[in-house]
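# Inside the fold
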There are 2 protein chains.
Amino acid sequence: MTTMTRAKSAAALPINQILDGDCIQVMNSLPEASVDLIFADPPYNLQLKGELHRPDNSRVDAVDDHWDQFSNFAAYDAFTQDWLRAARRLLKPDGAIWVIGSYHNIFRVGAALQDAGFWILNDVIWRKANPMPNFRGKRFTNAHETMIWASKSEGAKYTFNYEALKSLNEGIQMRSDWVLPICNGGERLKDANGDKAHPTQKPQSLLHRVIVGSTNPGDVVLDPFFGTGTTGAVAKMLGRDWIGIEREAAYREVALKRLGDVRAFDKGALEVSTSKRAEPRVPFGQLVERGMLRPGEMLINGRGQMAKVRADGTLVGDGVTGSIHQVGAKLEGAPSCNGWTYWHFRRDGKTVPIDVLRQQIRSEM
Amino acid sequence: MTTMTRAKSAAALPINQILDGDCIQVMNSLPEASVDLIFADPPYNLQLKGELHRPDNSRVDAVDDHWDQFSNFAAYDAFTQDWLRAARRLLKPDGAIWVIGSYHNIFRVGAALQDAGFWILNDVIWRKANPMPNFRGKRFTNAHETMIWASKSEGAKYTFNYEALKSLNEGIQMRSDWVLPICNGGERLKDANGDKAHPTQKPQSLLHRVIVGSTNPGDVVLDPFFGTGTTGAVAKMLGRDWIGIEREAAYREVALKRLGDVRAFDKGALEVSTSKRAEPRVPFGQLVERGMLRPGEMLINGRGQMAKVRADGTLVGDGVTGSIHQVGAKLEGAPSCNGWTYWHFRRDGKTVPIDVLRQQIRSEM
DNA sequence: TCAATTGCTGAATCGCTTA
DNA sequence: ATAAGCGATTCAGCAATTG
C-alpha cells in the first residue's frame, strides 16, 4: 500500500508548476527518467571584488546576490556535482541537458558533466550584440556566454530538429555561434520599484532556439534554476510542458504572474530575431593579421606619398601615426578621409586600392 | 662547481630553437621563471585514444565501456595537470598562458588551469569564417574553438597591449569573439605527397593577435606542442624570441624549414600604439610652478562652477580644498573624477581644458 | 624585515534601447 | 532626432603605513 502510494505519487509529475525549494531535494523527489529536457542557468560563482564605475562615474549594477556566493572552487564543484546527479536521474534515457555559463564556472560545469557520464554534443556560443565594455581597458570585452548541450549518455538518441533550426537560420545550417541581443525592453521584468526583477534574465530568443531545436511538442522541459521563468514561458508558448524549481519567493512570484500571462503559440514567440545585415565591418588590422599586407610595407596615395604599415594596423606617414583614415586626412589637410579608397598597395607592378582586400575578406564571411 | 655548472646551464635558455622530446620533460629541464608567454594547442582527448600515455609513460588502452571512459578522462586530466605544472614553473611571475581547444577537452583544461592557480583573464572564441559543415545534420555546425587566456596568478601584472588591439580593430575595444578564417591556401603546409602536413595547423592571424596583444618585442614565447611551428613563425615575424617543443620528427622537419624562410618585420613596424597610462606623470602643481596658471586664477567646470588655484597646486571651491580630482569629485558627488579633463581655464576668451597644458609639458619632456 | 593593508592619484566605454 | 541609460565584471597602480 505504502509502496503503491509512493509509486503512484512518484508517477504524478507536477507539470506546469513552479516548485518551491532547493533544486537538488526537489529533483530527487520527482520520478526518475521522466523529463525530456533540462535547461539550467546555475549560479556563475563570479567572485566580484569591489564596485565598478563607468568612465562617466555611473555605478555598474553588478550581480552581488547571496545565491552567487561560494567559498571556493571545491564548494562550487560539490554543488555542481550534486545538482547534475539529481538532474541526470530525472532525465529520460534519450533526454538532453543544456547548461549556460561564463568562464568563471563553465569549465568546471563542463568537466562535471563529462565526469557524470553526460555526452557533450556541442558547445554553443551566445554572442551578445550589446555587451558591457571593459571599462578599464585591461581585458577583452566579455562579449559572449557559453552553453553546453549534452545527451544523457554516449549513443543516446537525442532530439535534434535539424530542419527547423535550418529554417530559423534562413535556410543555412545552424552554427555553434548564435548572435542574439541581451534581454531588455518590455521583455525585461521589473519589480515594484521599477528595478530589474532578476539580475540575469535570459532572452526568450535564446530559449526559443534551444526548445525548438531539442524538444518536440508535448515534451516536458525542466528548469532547476527557474528565476523569472523564461524557460517556462517559452516552453508554454511552444506547446511544451514545463516544470520550474526556484527557492527565492520573490522570483517565484514574478514567474507565476508571467506564466499566467503567457498564451501558447503566442505570435510573438514565433518571431525570430533577424539581424539587420549591413555590410560587415572589416577592421584594417585584419589585413595585417591575415598577411595580406606585411608590417613594414609601404602604402601609396594618389599623389605618390607613402605611409608605412605597422603590426597593429596603424600607419606612419608624414610624421603622423594613426588609422588609415587619420593619416589620409592629415596628408590631405581634410577633416576626414576614407582610407579604404585613398590608400593603395603594389602587387605585380600594379597599384591597387586596399579596398579590394577588404572586399576579399567580406566575400569569405 | 657542480652548482655553478647547473646554474650556468639553467641560465642558458635555448631560444629560437625547436627542442626534441616530450614537452613535460623538456620544460622541466629549462630554467624556471624564464618565459613570458606560453601558447599551447594540446592534443584533444578523443584523438589520444590509443596513444595516450600516463605521466609514468605507461600507455592507456583505448577502451569503449562505461568505466574505462572515466579512466580515460582521468588519464587526460593527469596529463593536463602535468604539462600545466611544468608550464607554470617556466613562466615568469607576470607571464601568461593561452590554451586552445574544443568541447572535447577545453572544459577539463580550463578547470585544471584554475586548480593549478592560474587566473583566467578571458575566454576567447575563435569564430571560424569558413568552418566544416556538419554533414550528417545531427548537431550544430562546429563553427568555433575556445581559447583561454590566463595569468600565472591572481593579481599578476600581465601584459595587455590594449591600444594596439584597439588599433587592430579600427579604434574599437577588442571583444572576446574573433572572426578569423581557418588555415588554408598557401599558408597551409603540405607534405611531400601534397597532403596537409599537420591535421590542425592554426592560422597565423590567430597567433598574430595573441602575440601582439600579450607580449612585447624581445619577449620569449614558448609553444610546448609546436606542430608545424605557427607560433614560432609569427613570433619571429613580430620580433619576439621563441622556443618550440615537438616530439614528432616529421613536424619538426616541416617547422624547421618554415622558420628558416620567415623574416622578421622591420623594427619600426613593430612599434605599436601605447596607452596614455604609460605617459609620464605630470603633477598639477607644475602648471603653477611654470607659470602656466597663476595662483588666484579661477578654473571652471562644464556647469560654470568655479574653483581657485592656490600656490601649492591645490584648488579651493564649494568650501572644499584639495586636488583637482578631489574638488571635481566633490562638486559632482562622484566617487572619483579626472580633474585634467574636468577643469578648464580661460585664454583669449576661450575655455580650454587644463589637460592641454599637461600635454604641452609632456611634449617638452 | 616584510607581507598585508590603507589611501591617494587619476585613467577609463560600446552599442543598442528607451525616453 | 537627440540624449540618457545600461549590460553575469573575477576591470589600477603605487607609495606609505601598519602589524
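Being a predicted model, the structure only gives us computed values, none of them experimental.

In this section: the overall build of chain A. Along its length, chain A carries 13 helices and 14 strands. Across its three principal directions, the C-alpha atoms of chain A cover 95 × 45 × 40 Å. Counting over 365 residues, chain A shows a buried share of 53%. In chain A, the proportion of contacts linking residues at least 24 apart, taken out of those at least 6 apart, comes to 66%.

What follows is about the pattern of salt bridges. Applying the stated rule across the entire model yields 32 salt bridges over all chains. A salt bridge links A:Glu332 to A:Arg303; the shortest N-O distance between them is 3.1 Å. Taken together, the residues span a long stretch of sequence, with A:Glu332 in helix α11 (residues 324-332) and A:Arg303 in the loop between β9 (298-300) and β10 (306-309) at a distance of 29 residues. By relative accessible area, A:Glu332 is classed as partly exposed at 36%. When salt bridges that share partners are traced, they join A:Arg127, A:Arg175, A:Asp177, B:Arg127, B:Arg175 and B:Asp177 into one network.

This part is about the protein's contact with DNA strand D. All names here are of chain A. In the vicinity of DNA strand D there are 39 residues, among which Gln 47, Arg 54, Ala 62, Tyr 103 and Pro 131 approach most closely. Sugar plus phosphate: this is where 46% of the atoms of DNA strand D within 4 Å of the protein reside. Take Met 132: an N or O atom from its main chain is 3.4 Å from a base nitrogen of DNA strand D. One of the side-chain nitrogen or oxygen atoms of Asn 134 is found 3.4 Å away from a base oxygen of DNA strand D. Each residue belonging to the surface near DNA strand D can be placed in one class, and the counts come to 18 nonpolar, 7 polar and 14 charged.

Our next topic: the interface of chain A and chain B. Taken together, the contact pairs 77 residues of chain A with 77 residues of chain B. When chain A packs against chain B, the two sides together hide about 6,800 Å² of surface, and 51% of this comes from carbon and sulfur. Taken as a group, A:Phe107, A:Phe140 and A:Glu289 account for 14% of the area that chain A buries against chain B, more than any other trio of residues on that side. Counting across the interface, chain A meets chain B through 7 salt bridges. The shortest N-O distance in the salt bridge between A:Asp115 and B:Arg108 comes to 2.5 Å. Our count for the contact surface shared by chain A and chain B stands at 35 residue pairs in polar contact (both at pLDDT 80 or more). Going through the elements one at a time, α4 (106-115), β4 (119-128), β5 (144-151), α5 (162-168), β6 (177-180), α10 (285-289), β10 and α11 of chain A are the ones with two or more residues in the side of chain A that touches chain B.

Residues and elements named next belong to chain B. Ordered in space as β1-β8-β7-β2-β3-β5-β4-β6, the 8 strands form an open sheet in which the pairing is mixed. With one partner strand each, in any of the chains shown, β1 (17-20) and β6 (177-180) form the two edges of the open sheet. Each adjacent strand pair in this sheet contributes to an overall mean axis angle of 20 degrees, direction not counted. By the bridge criterion, 2 bridges tie strand β2 (residues 35-40) to strand β7 (residues 220-223) in an arrangement that is parallel. Considered in β7, the bridge of Ile 38 is made with Leu 222. Packing of helix α7 (residues 230-237) onto the sheet brings it into contact with β2, β7 and β8 (241-246), and relative to β8 it is tilted by some 170 degrees. Packing against the sheet, helix α8 (residues 249-261) makes contact with β1 and β8, and its axis sits at approximately 170 degrees to β1.

Turning to the domain arrangement of chain A, a few remarks are in order. How big an interface is tends to be reported as the loss of accessible area on association of its parts. Each assigned domain of chain A is listed with its residue range as follows: domain 1 (17-47 + 63-269) and domain 2 (284-364). Taking only C-alpha atoms, the centre of domain 1 of chain A and the centre of domain 2 of chain A are 46 Å apart.

Attention now moves to α7(B). Helical geometry note: an α-helix holds 3.6 residues per turn, so side chains three or four residues apart project in the same direction. Residues and elements named next belong to chain B. Within α7, 7 of the 8 residues are buried, which leaves it mostly tucked inside the rest of the structure. Taken together, the buried positions of α7 are occupied by Thr 230, Thr 231, Gly 232, Ala 233, Val 234, Ala 235 and Met 237. Structurally, α7 contributes buried residues whose contacts are with β2, α6 (204-214), β7, β8, α8 and α9 (267-270).

A few words now on the protein's contact with DNA strand C. Around DNA strand C lies a shell of 26 residues, among which A:Arg136, A:Gly185, B:His325, B:Gln326 and B:Arg358 are the nearest. For DNA strand C, the fraction of atoms within 4 Å of the protein that belong to sugar or phosphate moieties is 58%. A distance of 3.3 Å separates a phosphate oxygen of DNA strand C from a polar backbone atom of A:Gly185. Among the residues forming the surface near DNA strand C, the class breakdown is 8 nonpolar, 11 polar and 7 charged.

Before going further, it helps to spend a moment on the packing of aromatic side chains. All chains considered together, the criterion is met by 33 aromatic pairs over all chains. Aromatic pair B:Trp149 and B:Phe160: ring centres 5.3 Å apart, planes at 35 degrees, arrangement tilted. Pair noted here: B:Trp149 is in strand β5 (residues 144-151) and B:Phe160 is in the loop between β5 and α5 (162-168), with a separation of 11 residues, a long-range link. Classification of B:Trp149 as buried rests on a relative accessible area of 0%. Each member of the aromatic cluster is reached from another via a ring pair, and the members are A:Trp98, A:Trp149, A:Tyr158, A:Phe160, A:Tyr162, A:Trp178 and B:Phe140.

For B:Asp41, the position within the fold is in the loop between β2 and α3 (66-90). Among residues more than four places away in sequence, those in contact with B:Asp41 are B:Ile100, B:Thr200, B:Lys202 and B:Phe225.

Moving on: the sheet that holds β6(A). All names here are of chain A. Strand order across the open sheet formed by 8 strands is β1-β8-β7-β2-β3-β5-β4-β6, with mixed pairing between neighbours. Pairing within the sheet leaves two strands with one partner each, and these edge strands are β1 (17-20) and β6. On average, each strand axis in the sheet is tilted by 20 degrees relative to the strand beside it, whichever way the strands run. The sheet strands contacting helix α6 (residues 204-214) are β2 (35-40), β3 (91-101), β4, β5 and β6, and the helix crosses β6 at an angle near 140 degrees.

So, on to the packing of helix α3 (residues 73-90) of chain A against α4(A). All names here are of chain A. Two elements in contact, α3 and α4, have axes separated by 10 Å at closest approach and are oriented at 45 degrees. Classed by the angle they form, the pair α3 and α4 counts as oblique. Of the two possible hands of crossing, α3 and α4 adopt the one that is right-handed. Within the contact between the two elements, α3 uses Phe 73, Tyr 76, Asp 77, Thr 80 and Leu 84 and α4 uses Arg 108, Val 109, Ala 112 and Leu 113. Here the contact of α3 with α4 is composed, by residue class, of 6 nonpolar, 1 polar and 2 charged.

Moving on, we get to unusual backbone geometry. Of note in the backbone geometry, A:Asn57 takes a positive phi value of approximately 75 degrees without being a glycine. With respect to the element layout, A:Asn57 can be found in the loop between β2 and α3. Using a relative accessible area of 23% as the deciding quantity, one classes A:Asn57 as partly exposed. Notably, B:Asp318 is not glycine yet its phi reads approximately 55 degrees, a positive angle. Relative to the elements of secondary structure, B:Asp318 occurs in the loop between β11 (315-317) and β12 (320-322).

Moving on to the pairing of strand β14 (residues 350-353) of chain A. In regular strands, side chains alternate between the two faces of the sheet. All names here are of chain A. Note that strand β13 (residues 344-347) and β14 share 4 bridges and pair antiparallel. Its bridge partner being in β14, Phe 345 is matched across the sheet by Val 352. The antiparallel pairing of β13 with β14 creates a hairpin that spans 2 residues between the two strands, and Asp 348 there sits at a positive phi of about 55 degrees.

Time to look at the UniProt feature "domain: DNA methylase N-4/N-6" (unreviewed entry) in chain A. The feature "domain: DNA methylase N-4/N-6" (unreviewed entry), as annotated in UniProt, sits at residues 35-256 of chain A in this numbering. Between the end C-alpha atoms of residues 35-256 of chain A the distance is 21 Å, and the span holds 28% helix and 22% strand.

The rules behind the values
- Residues numbered from 1 in each chain as written.
- Chains lettered and ligands numbered in written order.
- Predicted model: local features only at pLDDT ≥ 70, side-chain atom pairs only at ≥ 80, totals over all residues.
- Heavy atoms only, no water.
- Helix = DSSP H or I, 4+ residues; strand = E, 2+ residues; numbered from the N terminus.
- Buried < 20%, exposed > 50% of the residue type's maximum accessible area, 1.4 Å probe, protein only.
- Contact = heavy atoms within 4.5 Å.
- Salt bridge = Lys/Arg side-chain N within 4 Å of Asp/Glu carboxyl O.
- Near = heavy atom within 4 Å.
- Polar contact = N/O pair within 3.5 Å; in protein donor to acceptor, adjacent residues only side chain to side chain.
- Nonpolar A, V, L, I, M, F, W, Y, C, P; charged D, E, K, R; others polar.
- Buried area = accessible area lost by both parts, 1.4 Å probe.
- Pairing = 2+ DSSP bridges.
- Axes fitted to C-alpha atoms, helices over the stretch in contact; angles between N-to-C directions.
- Domains from an automatic or database assignment.
- Phe/Tyr/Trp six-rings, centres within 6.5 Å; stacked < 30°, edge-to-face > 60°.
- Parallel < 35°, antiparallel > 145°, perpendicular 65-115°, else oblique.
- Left-handed = near helix turned anticlockwise from the far one by under 90°.
- UniProt positions renumbered as here; feature names shortened; annotations may be inferred.

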